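# Geometric and topological summary
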Amino acid sequence: LQGEFNSKFASRCPKTASTVNELNKDGALFGTPFGFCFFSTLMGQSTIKPHTGPMNLRLRVHLPLIVPTTDGKNNGNERPKCGIRVGSKIHEWKEGEALVLDDSYEHEVWNDTNEPRVLLLVDIWHPDVSIIERERIGHMFEYAREKGWIGR
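Residues numbered from 1 in each chain as written. Predicted model: local features only at pLDDT ≥ 70, side-chain atom pairs only at ≥ 80, totals over all residues. Heavy atoms only, no water.

Another point: the packing of aromatic side chains. Per the stated rule, a full pass over the model turns up three aromatic pairs. Arranged with centres 5.6 Å apart and planes meeting at 35°, the rings of F9 and F39 form a pair that is tilted. You can see F9 sitting in helix 1 (residues 7-12) and its partner F39 sitting in strand 1 (residues 37-42), a full 30 residues away along the chain. For the ring pair Y143 and W149, a centre distance of 5.5 Å and an interplane angle of 75° mean the geometry is edge-to-face. Over the ring of W110 we find R79; its NZ or CZ atom is 4.1 Å from the centre of that ring. (Phe/Tyr/Trp six-rings, centres within 6.5 Å; stacked < 30°, edge-to-face > 60°. Helix = DSSP H or I, 4+ residues; strand = E, 2+ residues; numbered from the N terminus. Lys NZ or Arg CZ within 6 Å of the ring centre and 35° of its normal.)

The strand order across the open sheet built from four strands is 1-8-3-6, with neighbouring strands paired in antiparallel fashion. Edge positions in the open sheet fall to strand 1 and strand 6 (99-101), since each of these has one partner strand only. If you compare each strand with its neighbour and ignore which way they point, the axes differ by 25° on average. Taken together, the eight bridges between strand 3 (residues 58-66) and strand 8 (residues 117-125) define a ladder with antiparallel strand orientation. Looking at the pairing, I66 lines up with V118 of strand 8. (Pairing = 2+ DSSP bridges. Axes fitted to C-alpha atoms, helices over the stretch in contact; angles between N-to-C directions.)

The structure is reproduced here in structure tokens:
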């Protein structure tokens, strides 16, 4: 969470932690205070209102693990019963099919079913950010930590 490794997560989810560690070794993880990796649960009859991420240096990977069973569209509405809108595009969750998005675009999430939706959320570097830029951004955040401007 926030660029820091959590040992409780690793002990409870060793396969997921191993995969995340491999991404980290490859330099793909967005290892800043704005970098996250967690299981996101959205209970039935819930929404996350439209919002934007803080920057476009990262991409956010959503890997749906549990998706409620639906019987098509939402009361004739164009949007599915459980999905996400990024900008003007609407996506329906499908188990095991990752969605990669730039969360600096406005997005919202909903679950109009009675079952929970669970996904693994992982932040990775935007591919347009070069290796040297990643290193410099990392140094910037380390300097801010040393100064006490941001916490660990």
